[in-house]
Amino acid sequence: MLPDDKIGRYRIVSKIGEGGMGEVYLAEDAKLDRRVALKILPAKVATDIDRMLRFEHEAKSASALNHPNIITIYEINDEEGALFIAMEYVEGETLAKRIKSKPFDLRKTLDVAIQIAAALAAAHEANVIHRDIKPDNIIVRPDGLVKVLDFGLAKLTEEVSAYDLEALTTLVKTSPGLIMGTVGYMSPEQARGRNVDGRSDIFSFGSMLYEMLSGKRPFTGDNEVDVIASIIHQEPEPLGHFASNIPHELESLIRKTLRKNRDERYQSMPELLADLKDIRQQITSEINSGRAQTKTSDLDYVTATGEGFARPLTTASPSRFANTFPELILGEARLHPLIAAAIVLIALAAIGFVGSRWYAARQRPESFQTMRFAKLTSTGNVASGSIALSSDGRLFAYVIQEAGEQSLWVKQTATESNVQVVPPADVRYYGITFSPDANHIYYASGEKTGVPSIYQVPALGGTSRKLITDADGPISFSPDGNRFSFVRKKGSLMSADPDGGAVQMIAAFSDGKILNQTSWSPDGNTIVAAVFLPEDSRDHLIEIDVKSGTERPFASPHWVRLRGVAWLPDASGVIVSGRDPDTQLSQIWLISYPGGQSRKVTNDLSSYFGLSLTGDGQTVVSTQQTLVSNLWVSYPVESDTATKITSELGRDEGMSGVAWTPDRKVVYTARIRENQDLWIADRDGSENRQLTFNSKSNFSPVVTPDGRLIIFVSTRAGNPGIWKMDIDGGNPAQLTGTGGSSVEPSLSPDGKWVVYQHVDGDNKSTIRKISIDGGDSVQLTDIESRRPTVSPDGSFFACDFGQAKENASMKLAIIPFDGGPPKRILDLPLVLKSRTFRWSSDGKSMLYSESRNRVDNLWSQPLDGGLPKQLTDFKSDRIFRFDVSHKNDYLAFARGNDVSDVVLINNFR
């Protein structure tokens, strides 16, 4: 195919590769305005049944997986006889190229290995074996995120009714007698042509890890026959011949992955992954505690020569992995033989007990092995959290948000048929649900600043009827359908009959508690509710007795926010969409009842808001929000052009903070995996490196004027607090205490003071300042105020400022640096709508971003009330955060798009 050729809605840009199963092209998706990779089966082999089966098998295998380290499959389709897979386009280089071009340091090796292992663990849990793990099938993005590609040789281990799997395995071989896989990385059982399972991937993974550390493959020969003989009969050379002083536990791990007998290898990827994480944690701990015997640089940077690695990795303190079993039990002490024997017998008995429990657990079927995802919409503009599923699973209702207005739609889950039920209006929906018979939709809606009401509308369209005024969502029906519950004024749980009559109060809350989500229990006696507690600024699950209104805790973790909750029909637990404090990601969780054990249903870098469950409890729908963001730089500030300096570094990349250093480097936030971390890069995107590791969420960076320190927000100690660290990520120290939350730091021009927003236990937000050296903080405002930014001369700070009158809108206040009454209060709603606003260098204007039809541009608003001036002229995408360089010449901003659609998940239990 040639550039500008079209296949369906995809326009070919260029050819980027080819292999045994097809040609791969870079293409543009005209409908969703994104770049994709298209794998197309060449026409000359389209009639080859073997390749056709392999091609379709690859798509079905990979599309069943949902993991941030596995390539995302968008669709498989057939256009005018051309069969293709549309998949995520990933910029980066293969691991094979990385290994050849430059050496891996130990930390990066472990980081890449852990990501690959996590991907394979997820695949194995979904009953997919890759069977062709090799460096060419791994892409490493510039930021370090790993993507595993090409499940074309994968073998589904679960039974598939349409195929005999052994027959399928034979069919998809390229030619009779050819062993599937890649010589040099295949397992002994694979080389012998025998049946394989997940332990074959473990062997291939070990071969690849060996090569990453040594620069050489573990099994070599003059030809493929010699290589296969080496895999089956020979042991690889010790890693010590190529790399000095590799930690003993890591070398042992690799040896265990490469054992010929698969019963002697690691038996599962999760087991291997856990050991890899332990090794990384141990090495990090030894460095941080000073127990490592060499400098950090000796551990971090290992140079390679043609002869292997020239510098030692480290000489670390003795590892807990290094001791034998008797040494662990007896240590160095010389014990009486009888005492020693007794200790050993006790230990063996304990190990036998634990082992039997482990074995019994291994015999139980793994949960979620048959879970399947399906995307039900593709508009990308579904309002987050507004979702409902009929009890029989045939219909779902959702809200579309476009041009500032929202509309209510209903669609069939099995077809593309949909209907607009309520037309677009300048309103917001606060909860939607189907009646038990699916004939009507109940929804809470109101103007953005008004009081919502509850309405009823026929499920397939008609006239809406107002049932209850001054009534908020969410709405939950009792199991008999005779009552539904709703919330009034955020603090009262109410109920009414289906026509909105016989309104009764079930329970009322005070002391700042806010009801967020509710679900009626299967027996009709209780309602589980998500309630915000001001003392810890967290959402908690509680049970409310319907008759008495009394409440009691529902055993469950605490949540940053809960956006959906539903009882399972057998009352064995609830399913929630919740943002947990550790990862700060909103995922779908299953929580047992009454025990309260929690387990993730989803586990990726998307966010899931709201949910609804079918009557049989087997299917759930949610809104899945995915954000792709990149850093851009423009010079000068008012330039008509901008340059992208990163390439899809992560879901939150730059969105949660961008800051310039005095020497024009950019510090930013990226969520590459679960944690939010701080990174730093040159203004052209080069020398990009991570600054924080394994420390929960880190965001909102600002850099001191002398360039020595980064001030940022971190959750590593619990609630968000203000921290500081050296510009290279060293010497982190906490500035604010653990009471409440401290966010949005801004620095005085002399770098001596940090001004920030503090949220106390009553959920009141004020502005405080604290010395950069620590100490007691000083409160600067008494009235509700947020997001401070210090003026260029240090005389004032600007912030969102709330009036004493209830429900009054926020204003922009200019307040003296030492606090006190505002000098000026400005009504600049566009400035306050911006995620970020900054002073201009002369202190006469505010820079902000304005959104028009989901397209953001930067503007400058004079503080004297003059007309705003547009600084950028983008035609697409959103601007999430921005910062102006210290000399006011460069502009850095996080720019991208967020896509929100409805997804359906089957068999999640």
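The present account deals with the structure reproduced in this document. Bear in mind that the values here come from a model prediction, so they are computed numbers and not experimental data.

Re helix α7 (residues 224-233)
Piece 1. Looking only at α7, the buried set comprises Val227, Ser230, Ile231 and Ile232.
Piece 2. On its buried face, α7 sits against α5 (188-191) and α6 (198-214).

Looking at the sheet that holds strand β21 (residues 453-458)
Piece 1. What the four strands build is an open sheet, ordered β19-β20-β21-β22; its pairing is antiparallel. Each end of this open sheet is capped by a strand with a single partner; those strands are β19 (427-434) and β22 (465-468). Between one strand and the next, the sheet's axes are offset by a mean angle of 30°, whatever the strand orientation.
Piece 2. The pairing of strand β20 (residues 440-447) with β21 spans six bridges and is classified as antiparallel. By the bridge assignment for β21, Tyr443 is matched with Tyr455.

Looking at the packing of aromatic side chains
Piece 1. Tallied over the full model, the rule gives 16 aromatic pairs.
Piece 2. When the ring of Tyr10 is compared with that of Phe84, the centres are 5.7 Å apart and the planes differ by 75°; the resulting orientation is edge-to-face. You can see Tyr10 sitting in strand β2 (residues 10-19) and its partner Phe84 sitting in strand β6 (residues 82-88), a full 74 residues away along the chain. Assigned by exposure class, Tyr10 and Phe84 land together as buried.

Let's talk about the environment of Gly595
Piece 1. Within the secondary structure, Gly595 sits in the loop between β33 (586-592) and β34 (598-600).
Piece 2. Overall, the relative accessible area of 46% leaves Gly595 in the partly exposed class.
Piece 3. When the C-alpha atoms of Gly595 and Ser556 are compared, they prove to be 8.3 Å apart, with 39 residues separating the residues in sequence.

So, the pairing of strand β24 (residues 484-488)
Piece 1. Counting buried positions along β24 yields four of five residues, so the element is predominantly enclosed.
Piece 2. Of the strand pairs in this sheet, strand β23 (residues 472-477) and β24 are connected by three bridges, and their pairing is antiparallel. By the bridge assignment for β24, Phe477 is matched with Phe484.
Piece 3. Bridge count for β24 against strand β25 (residues 492-496) is five bridges, and the pairing is antiparallel.

What about the pattern of salt bridges?
Piece 1. Taken as a whole and assessed by the stated rule, the structure comprises 35 salt bridges.
Piece 2. Where Lys15 meets Glu23, a salt bridge forms, and the shortest distance between an N and an O atom there is 3.5 Å.
Piece 3. Salt bridges sharing partners connect three or more residues here, namely Arg9, Asp29, Arg34 and Glu75.

A look at the packing of helix α3 (residues 106-125) against α6
Piece 1. It is at 11 Å that the axes of α3 and α6 come closest, and there the two elements cross at 165°. Here α3 lies roughly antiparallel to α6, going by the angle between them. The handedness of the crossing between α3 and α6 is right-handed. Between α3, through Leu106, Thr109, Val112, Ala113, Ile116, Ala117, Leu120 and His124, and α6, the contact on the second element is made entirely by Gly198, Asp201, Phe205, Met208, Leu209, Met212 and Leu213.
Piece 2. Among the residues making up the contact of α3 with α6, the classes are represented as 11 nonpolar, three polar and one charged.

Definitions and limits used
- Residues numbered from 1 in each chain as written.
- Predicted model: local features only at pLDDT ≥ 70, side-chain atom pairs only at ≥ 80, totals over all residues.
- Heavy atoms only, no water.
- Buried < 20%, exposed > 50% of the residue type's maximum accessible area, 1.4 Å probe, protein only.
- Helix = DSSP H or I, 4+ residues; strand = E, 2+ residues; numbered from the N terminus.
- Contact = heavy atoms within 4.5 Å.
- Pairing = 2+ DSSP bridges.
- Axes fitted to C-alpha atoms, helices over the stretch in contact; angles between N-to-C directions.
- Phe/Tyr/Trp six-rings, centres within 6.5 Å; stacked < 30°, edge-to-face > 60°.
- Salt bridge = Lys/Arg side-chain N within 4 Å of Asp/Glu carboxyl O.
- Parallel < 35°, antiparallel > 145°, perpendicular 65-115°, else oblique.
- Left-handed = near helix turned anticlockwise from the far one by under 90°.
- Nonpolar A, V, L, I, M, F, W, Y, C, P; charged D, E, K, R; others polar.

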